[in-house]
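Listed here are the chains, written in short residue letters.
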Amino acid sequence: MRAKTSGKSPITASKELDGEDSSYTALTNALKYSLDILNVKVETEVGREIAELAVKRLPQDDFSGGKWLTVTKTIADICGENDRHVFSQSELYDFLTLATKQMDKKHGKVFASSDIVFKIYRDIMENYQSADKSLKANYPKIIVDMVSVLMNGRDTLGREVSAHSMERYYQAKKSEVWPRKRDSSKHIGIVEKDYDLVESLSQITGRKRSDLIESLGKIESADVGKLTDLCLNYNKLQKYSGLISSEGEFKKEVENELGRRLTYNQLQHASVSVRKSRDYIENVLDGKFVPHGSHGINHIRHNLEYGYQLMGLIERKKRGSQKSH
């Protein structure tokens, strides 16, 4: 498909489309221009389907998110449905350029050169060719969410993303596509709610985010809570780890933090838990703490968790809650 530009060059046509007119006509013209740039041809069955659906789905009067973001979101949603259309690497570069058009105008500076946008360009250059087909089909939607966050501080579903979490959010959005092939809404929910947890676990264990999402989807919610607590307190764990060689310093730091004294046996429990923190995290993720004995308790796990509870690093289990395993 070729957009009708009255014989003008694509650059000239693009500049005219960037004008102040925010009417529905301007929106449809921007859509036609975008489909042309992205090489979506109406001569093909898929191209016709995308063009027809896009026109139908454009909002009639409310596109406060910006003309170009509205258009690219519409295209991304349609192309991502059942992996309907996968852009080539060069076409995805063009898609990112189109999606960031409104940002330049709204914020009065060239966002194409901003740090996070540059990182997305580089990621496409380095990783897009080897990506899974489903991830490739969803790349445009990820880009639209990132642009929405940059413009408004929220993604297209209205979830707030802070400035310092944008890169983490971007990686989490990429990771959440993988479990979709396994049809696991539980896995997807973990990414949407706990991408900070996934990123922290990735840094602690060195595991791939997609593997961590799958592991988190298999364990009990109580265990996800314990891992979350440990990740939030991981700086304390590292600090304690550096003091373990000096029993007096370790005791002083822990007791100062807690505001109370611990017995010798309690301190021993705590120091072992600190030393074994990474092993504990890995074993919980892998489901290796197999319950045994008549009480159905894994004593190694029980003792490590007791140490973390003593130091206030994980919540104490309330009476009547599920047994440790």
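The structure reproduced in this document is the subject of the present report. (Residues numbered from 1 in each chain as written. Predicted model: local features only at pLDDT ≥ 70, side-chain atom pairs only at ≥ 80, totals over all residues. Heavy atoms only, no water.)

**Brief notes about the overall build of the protein**
- Counting its secondary structure elements, the protein contains 17 helices and 0 strands.
- Burial analysis of the protein (325 residues in total) assigns 46% to the buried set.
- Contacts in the protein between residues far apart in sequence, at least 24 positions, make up 67% of those at least 6 positions apart. (Helix = DSSP H or I, 4+ residues; strand = E, 2+ residues; numbered from the N terminus. Buried < 20%, exposed > 50% of the residue type's maximum accessible area, 1.4 Å probe, protein only. Contact = heavy atoms within 4.5 Å.)

**Topic: the side chain of Asn233**
- Turning to its location among the elements, Asn233 is positioned in the loop between α12 (221-232) and α13 (234-241).
- Looking at Asn233, its side chain comes within polar contact range of the main-chain oxygen of Asp229, at 2.9 Å.
- Here Asn233 is in contact with Gly312 and Leu313, once residues within four sequence places are set aside. (Polar contact = N/O pair within 3.5 Å; in protein donor to acceptor, adjacent residues only side chain to side chain.)

**Description of the pattern of salt bridges**
- A complete count under the given rule lists 20 salt bridges for this structure.
- A salt bridge links Arg84 to Glu81, with the nearest nitrogen and oxygen atoms 3.0 Å apart.
- The exposure class of Glu81 is partly exposed, given its relative accessible area of 29%.
- Measuring nitrogen to oxygen at the nearest pair gives 2.8 Å for the salt bridge that ties Asp286 to Arg207. With Asp286 in helix α16 (residues 277-286) and Arg207 in the loop between α10 (185-205) and α11 (209-218), this pair connects stretches of sequence that are 79 residues apart.
- Overlapping salt bridges bring together Glu49, Arg57, Glu81 and Arg84 as one network. (Salt bridge = Lys/Arg side-chain N within 4 Å of Asp/Glu carboxyl O.)

**Regarding helix α4 (residues 67-80)**
- With 14 residues, α4 should cover 20 Å at 1.5 Å per step; its first-to-last C-alpha distance of 20 Å lies within 8% of that length.
- Within α4, 12 of the 14 residues are buried, which leaves it mostly tucked inside the rest of the structure.
- Following α4 by one or two positions, Asn82 adopts a phi angle in the positive range, close to 55°. (Expected span 1.5 Å × (residues − 1).)

**Here's the deal with the packing of α4 against helix α8 (residues 133-152)**
- Running from N to C, α4 and α8 point in directions that differ by 150°, and their axes come no closer than 8 Å. One finds that α4 runs roughly antiparallel with respect to α8. Note that α4 runs across α8; the crossing there is left-handed. Between α4 and α8, the contacting residues are Leu69, Thr72, Lys73, Ala76, Asp77 and Gly80 on the first element and Ala137, Pro140, Lys141, Val144, Val147, Ser148 and Met151 on the second.
- Grouping the constituent residues of the contact of α4 with α8 by class yields 7 nonpolar, 3 polar and 3 charged. (Axes fitted to C-alpha atoms, helices over the stretch in contact; angles between N-to-C directions. Parallel < 35°, antiparallel > 145°, perpendicular 65-115°, else oblique. Left-handed = near helix turned anticlockwise from the far one by under 90°. Nonpolar A, V, L, I, M, F, W, Y, C, P; charged D, E, K, R; others polar.)

**What about the nonpolar core?**
- If you look at the biggest cluster of nonpolar residues, it comprises 44 residues, and the most contacted ones within it are Ile75, Phe87, Leu92, Phe95, Ile124, Tyr139 and Ile143.
- At the level of secondary structure, the elements contributing two or more residues to this core comprise α2 (24-37), α3 (45-57), α4, α5 (89-99), α7 (115-127), α8 and α9 (166-180).
- In terms of residue count, α8 provides more of this core than any other element does, 10 residues in total.
- Setting aside residues up to four positions removed in sequence, Ile143 forms contacts with Leu92, Phe95, Leu96, Ala99, Ile120 and Ile124.
- Membership of the second largest hydrophobic core comes to 32 residues, among which are Val198, Leu227, Leu285 and Phe289. (Core = buried A, V, L, I, M, F, W, Y, C linked by side-chain atoms within 4.5 Å.)

**Considering the packing of α13 against helix α14 (residues 247-258)**
- Running from amino to carboxyl end, α13 crosses α14 at an angle of 150°, the nearest separation of the two axes being 10 Å. By the angle between their axes, α13 is roughly antiparallel relative to α14. Residues Lys236, Lys239 and Tyr240 of α13 form the contact with α14, whose own contacting residues are Phe250, Glu253, Val254 and Glu257.
- Classifying every residue of the contact of α13 with α14 gives 3 nonpolar, no polar and 4 charged.

**Notes on the environment of Glu176**
- You can see Glu176 is positioned in helix α9.
- We classify Glu176 as buried; its relative accessible area is 4%.
- Along the primary structure Glu176 and Glu214 are separated by 38 residues, whereas in three dimensions their C-alpha atoms are 9.6 Å apart.

**Section: the environment of Ile78**
- Among the structural elements, Ile78 can be located in helix α4.
- On the basis of relative accessible area, Ile78 is assigned to the buried category, the value being 0%.
- Sequence separation between Ile78 and Arg57 is 21 residues; the distance between their C-alpha atoms is 9.3 Å.
- Apart from residues lying up to four places away in sequence, Ile78 is in contact with Ile50, Leu53, Ala54, Arg57 and Arg84.

**A short note on α5**
- Taken together, the buried positions of α5 are occupied by Gln89, Glu91, Leu92, Phe95, Leu96, Leu98 and Ala99. The arc that holds the buried residues of α5, viewed along the axis, is 170°, so those residues lie on one side. (Arc of directions from axis to C-beta.)

**Let's talk about the packing of aromatic side chains**
- In the structure shown here, the tally under the stated rule is 7 aromatic pairs.
- Judged by centre distance (6.0 Å) and plane angle (90°), the rings of Tyr240 and Phe250 are edge-to-face. Within this pair, whereas Tyr240 is found in helix α13, its partner Phe250 is found in helix α14, the two being separated by 10 residues in sequence.
- In this structure Tyr240 comes out as buried when scored by relative accessible area, which is 0%. (Phe/Tyr/Trp six-rings, centres within 6.5 Å; stacked < 30°, edge-to-face > 60°.)

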